[in-house]
Amino acid sequence: MKLPRRFFQPLATGAPAPFRDLPVKLERMIHFVPPHNEKVRARVPDLAGTVDVVLGNLEDAVPADQKEAARAGFVTMAKATDFAATGTGLWTRINALNSPWILDDLFTLVAECGDKLDVVMVPKVEGPWDIHYIDQLLAQLEARHGVKKPILVHAILETAEGVANVDSIASASPRMHGMSLGPADLAASRGMKTTRVGGGHPDYRVIADPAGDAARASAQQDLWHYTIARMVDACMANGIKAFYGPFGDFSDSEACEVQFRNAFLMGCAGAWTLHPSQVAIAKRVFAPDPAEVAFAARIVAAMPDGTGAVMLDGKMQDDATWKQAKVIVDLAKLVAAKDPDLAKVYDLG
Ligand SMILES: CCC(=O)SCCNC(=O)CCNC(=O)[C@H](O)C(C)(C)COP(=O)(O)OP(=O)(O)OC[C@H]1O[C@@H](n2cnc3c(N)ncnc32)[C@H](O)[C@@H]1OP(=O)(O)O
Ligand SMILES: O=CC(=O)O
Ligand SMILES: [Mg+2]
């Protein structure tokens, strides 16, 4: 373990110092773009103003013979749009550490557009050693190319070993931005018997005891509850953000919304959107409900210094519920700063 006083030191001479605190950003959706697909890439300048994060994906879903085209497409895409001007994050998902592409991914992207790149998403992270490797390499590349602000790292939680090491991944480096659940790779890694990408499964249920001839009540359970809870705890304990990942059935927007909402209620900041139709769902879900915001604002106003006990509509409020209310009001303010329509609805002054 590194000494605490060395934790925030740059890992290469000339690399920017790591952030002490993460930049505060609204990241309701991480929108995946296939950069080798010229048609989709052409939509990025318009897309940039409508999503919180544009991610150019270099890993799974990019055919092996198009990895180089995806990398080049990402560089073109990064240079063509001023993402910072629209308040949109620019991320990439690099190839896995054991793949033949990762070195060229990082060498090319940091050299060509390191100053525009906010976050590198790292797939199939197994433990803190993977983050340490990327951390050191990024520091060397930042130093070589004179990158001014540190590029953050986001891990995908998508292997059984990664879940076993989730706490030490979350605390591995000050470069950690957060973590996303990757239900597809995780299902495979765990030997789960499903071909779905996220969401529920009709066969994962509990049933009531037999009671004569009456039909036994039965309810579907949430396959992802345990992992999302572990991920949220690991992230929040380390001051970083948790995200739900992909929902693969684009035809079932209702189920996508339920999966996103469960993640939101559990503490996630956002989710991946793989298709334009999922962007509106993420915007709807990852912004607090106006009635909840109004009630939270009343709690904050009723306890100006956040201490004591008061009654509101028959419900007891104290220091703990004040903190709950603060989470909602702070998020509403962040959303309102970006969304004038919701700013009017929230009416937080
Ligand atoms: C499962 C584990 C994981 O790793 S998930 C992450 C990896 N997967 C991805 O990144 C997939 C990202 N999405 C895509 O590549 C496309 O959405 C795929 C799946 C190929 C489907 O595209 P397509 O067949 O064109 O769908 P469509 O006809 O319904 O599209 C309608 C219009 O929207 C466009 N579109 C599609 N996807 C995106 C996107 N991600 N971002 C921006 N635009 C997108 C299409 O080009 C199409 O445009 P137009 O109306 O023809 O002009
Ligand atoms: O990369 C995402 C996943 O679900 O696998
Ligand atoms: Mg994956």
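Note that this is a predicted model, so its numbers are computed, not measured.

Procedures and definitions
Residues numbered from 1 in each chain as written. Chains lettered and ligands numbered in written order. Predicted model: local features only at pLDDT ≥ 70, side-chain atom pairs only at ≥ 80, totals over all residues. Heavy atoms only, no water. Phe/Tyr/Trp six-rings, centres within 6.5 Å; stacked < 30°, edge-to-face > 60°. Lys NZ or Arg CZ within 6 Å of the ring centre and 35° of its normal. Near = heavy atom within 4 Å. Polar contact = N/O pair within 3.5 Å; in protein donor to acceptor, adjacent residues only side chain to side chain. Areas by Shrake-Rupley, 256 points an atom, 1.4 Å probe, with all protein chains shown as cover. Helix = DSSP H or I, 4+ residues; strand = E, 2+ residues; numbered from the N terminus. Nonpolar A, V, L, I, M, F, W, Y, C, P; charged D, E, K, R; others polar. Donors = N, O, S within 2.8 Å, 3.2 Å for Na, K, Ca; no water. Buried < 20%, exposed > 50% of the residue type's maximum accessible area, 1.4 Å probe, protein only. Core = buried A, V, L, I, M, F, W, Y, C linked by side-chain atoms within 4.5 Å. Contact = heavy atoms within 4.5 Å. Pairing = 2+ DSSP bridges. Axes fitted to C-alpha atoms, helices over the stretch in contact; angles between N-to-C directions. Left-handed = near helix turned anticlockwise from the far one by under 90°. Salt bridge = Lys/Arg side-chain N within 4 Å of Asp/Glu carboxyl O. Disulfide = S-S within 2.5 Å. UniProt positions renumbered as here; feature names shortened; annotations may be inferred.

A.B. asks: Teacher, can you tell me more about the packing of aromatic side chains here?
C.D. replies: Using the criterion set out here, one finds six aromatic pairs in the structure. Feature note: the residues Tyr244, Phe260, Phe264 and Phe286 constitute an aromatic cluster, connected by ring pairs. Sitting over the face of the ring of Phe295, Lys315 holds its NZ or CZ atom 5.4 Å from the ring centroid.

A.B. asks: What is the right way to read the site of ligand 1 from this model?
C.D. replies: Neighbouring ligand 1 are 17 residues, the closest being Phe32, Lys39, Arg43, Leu274 and His275. In the model, an oxygen atom of ligand 1 is placed 2.8 Å from a nitrogen or oxygen of the Lys39 side chain. The contact in question runs from an oxygen atom of ligand 1 to an N or O atom on the side chain of Arg43, over 2.7 Å. Relative to its unbound accessible area of 980 Å², ligand 1 is 61% covered by the protein chains. Breaking the shell around ligand 1 down by element, the ones donating at least two residues are strand 1 (29–33) and helix 1 (38–42). Of the residues in the shell around ligand 1, the class split is ten nonpolar, three polar and four charged.

A.B. asks: In this structure, what is going on with the coordination of the magnesium ion (ligand 3)? I would like to understand it.
C.D. replies: In a perfect tetrahedron of four donors around a metal, the angles come out at 109.5 degrees. In a perfect octahedron of six, they are 90 or 180 degrees. The magnesium ion (ligand 3) binds to the protein through Glu158 (OE) and Asp185 (OD), with metal-donor distances spanning 2.1 Å. Taken together, the residues span a long stretch of sequence, with Glu158 in the loop between strand 5 (152–157) and helix 6 (160–164) and Asp185 in helix 8 (residues 183–190) at a distance of 27 residues. Residue Glu158 is classed as buried on the basis of its relative accessible area of 3%.

A.B. asks: Would you take a moment to explain the site of ligand 2 for this structure?
C.D. replies: All residues adjacent to ligand 2 are Arg93, Glu158, Gly182, Pro183, Ala184, Asp185, Pro246 and Trp272. Separating an oxygen atom of ligand 2 from a backbone N or O atom of Ala184 is a distance of 2.8 Å. Within the backbone of Asp185, one N or O atom sits 2.8 Å away from an oxygen atom of ligand 2. Look at ligand 2: alone it shows 190 Å² of surface, and the protein chains cover 93% of it. No other element matches the three residues that helix 8 contributes to the shell around ligand 2.

A.B. asks: Looking at this model, I keep getting lost on the nonpolar core. Mind explaining?
C.D. replies: One recurring pattern in soluble globular proteins is that nonpolar side chains are buried together. Core analysis: the biggest nonpolar cluster contains 67 residues, and Phe74, Leu106, Met179 and Phe260 have the highest contact counts within it. With sequence-adjacent residues up to four places away left out, Leu106 is seen in contact with Ile94, Ala111, Val120, Ile134, Leu137, Leu138 and Leu141. Core analysis: the second largest hydrophobic core is formed by eleven residues, Phe32, Leu55, Trp91 and Ile156 among them.

A.B. asks: Just to check I follow, could you spell out the sheet that holds strand 9 (residues 241–244) for this structure?
C.D. replies: The pairing of strands in a sheet comes from backbone hydrogen bonds and takes either a parallel or an antiparallel form. In space, the eight strands of this closed barrel follow the order 1-2-3-4-5-6-9-10, with parallel pairing throughout. Looking at each pair of strands side by side, their axes are set apart by 25 degrees on average, direction ignored. Relative to strand 9, strand 6 (residues 176–181) runs parallel, the two sharing four bridges. Note on strand 9: the bridge partner recorded for Met179 is Ala242.

A.B. asks: When you look at the packing of helix 10 (residues 253–266) against helix 11 (residues 277–285) in this model, what are you seeing that I'm missing?
C.D. replies: A packed helix pair is summarised by two numbers, namely the angle formed by the two axes and the spacing between the axes. Where helix 10 meets helix 11, the axes come as close as 10 Å, and the angle between the chain directions of the two elements is 35 degrees. In this structure, the crossing between helix 10 and helix 11 has a hand that is right-handed. Residues Ser253, Cys256, Glu257, Phe260, Arg261 and Phe264 of helix 10 lie in contact with helix 11, whose contacting residues are Gln278, Ile281, Ala282, Arg284 and Val285. Taken together, the residues of the contact of helix 10 with helix 11 sort by class into six nonpolar, two polar and three charged.

A.B. asks: Looking at this structure, how should I read the pattern of salt bridges?
C.D. replies: Opposite charge on two side chains permits them to pair, given that their charged atoms come into close proximity. Throughout the structure, instances matching the rule amount to 19 salt bridges. A salt bridge links Asp105 to Arg71; its shortest N-O distance comes to 2.8 Å. Residue Asp105 is located in helix 4 (residues 102–113), and its partner Arg71 is located in helix 3 (residues 67–80); the two are separated by 34 residues in the primary sequence. Each member of the pair, Asp105 as well as Arg71, carries the same accessibility label: buried. Linking Asp135 and Arg175 is a salt bridge whose minimum nitrogen-to-oxygen distance equals 2.7 Å. Of this pair, Asp135 sits in helix 5 (residues 128–145) while Arg175 sits in the loop between helix 7 (166–170) and strand 6; the two residues are 40 residues apart in sequence, bridging distant segments of the chain. Of the residues examined, Asp135 reaches a relative accessible area of 8% and is grouped as buried.

A.B. asks: Would you take a moment to explain the state of the cysteines for this structure?
C.D. replies: As used in these notes, a disulfide is a covalent bond between sulfur atoms, one from each of two cysteines. A complete count under the given rule lists zero disulfides for this structure. As a non-bridged cysteine, Cys268 has Cys235 as the owner of its nearest cysteine sulfur, 8.1 Å distant.

A.B. asks: Whenever I open this one, the UniProt feature "domain: HpcH/HpaI aldolase/citrate lyase" (unreviewed entry) in the protein chain confuses me. Can you help?
C.D. replies: Annotation from UniProt places "domain: HpcH/HpaI aldolase/citrate lyase" (unreviewed entry) at residues 31–270. Here residues 31–270 runs as 41% helix and 17% strand, with 10 Å between its end C-alpha atoms.

A.B. asks: Can you walk me through the environment of Asn238 in this structure?
C.D. replies: Along the polypeptide, Asn238 turns up in the loop between helix 9 (225–237) and strand 9. Through-space distance from the C-alpha of Asn238 to that of Ala170 is 6.4 Å; in sequence the pair is 68 residues apart. Once residues lying within four places of it in the same chain are set aside, the contact partners of Asn238 are Asp167, Ala170 and Ser171.

A.B. asks: Whenever I open this one, the environment of Leu58 confuses me. Can you help?
C.D. replies: Mapping Leu58 onto the fold places it in the loop between strand 2 (53–57) and helix 3. Along the sequence, Leu58 and His225 sit 167 residues apart, while their C-alpha atoms lie 28 Å from each other. With near-sequence residues (within four places) excluded, Leu58 lies in contact with Pro35, Lys67, Ala70, Arg71, Phe74, Thr92, Arg93, Ile94, Asn95, Asp105 and Leu109.

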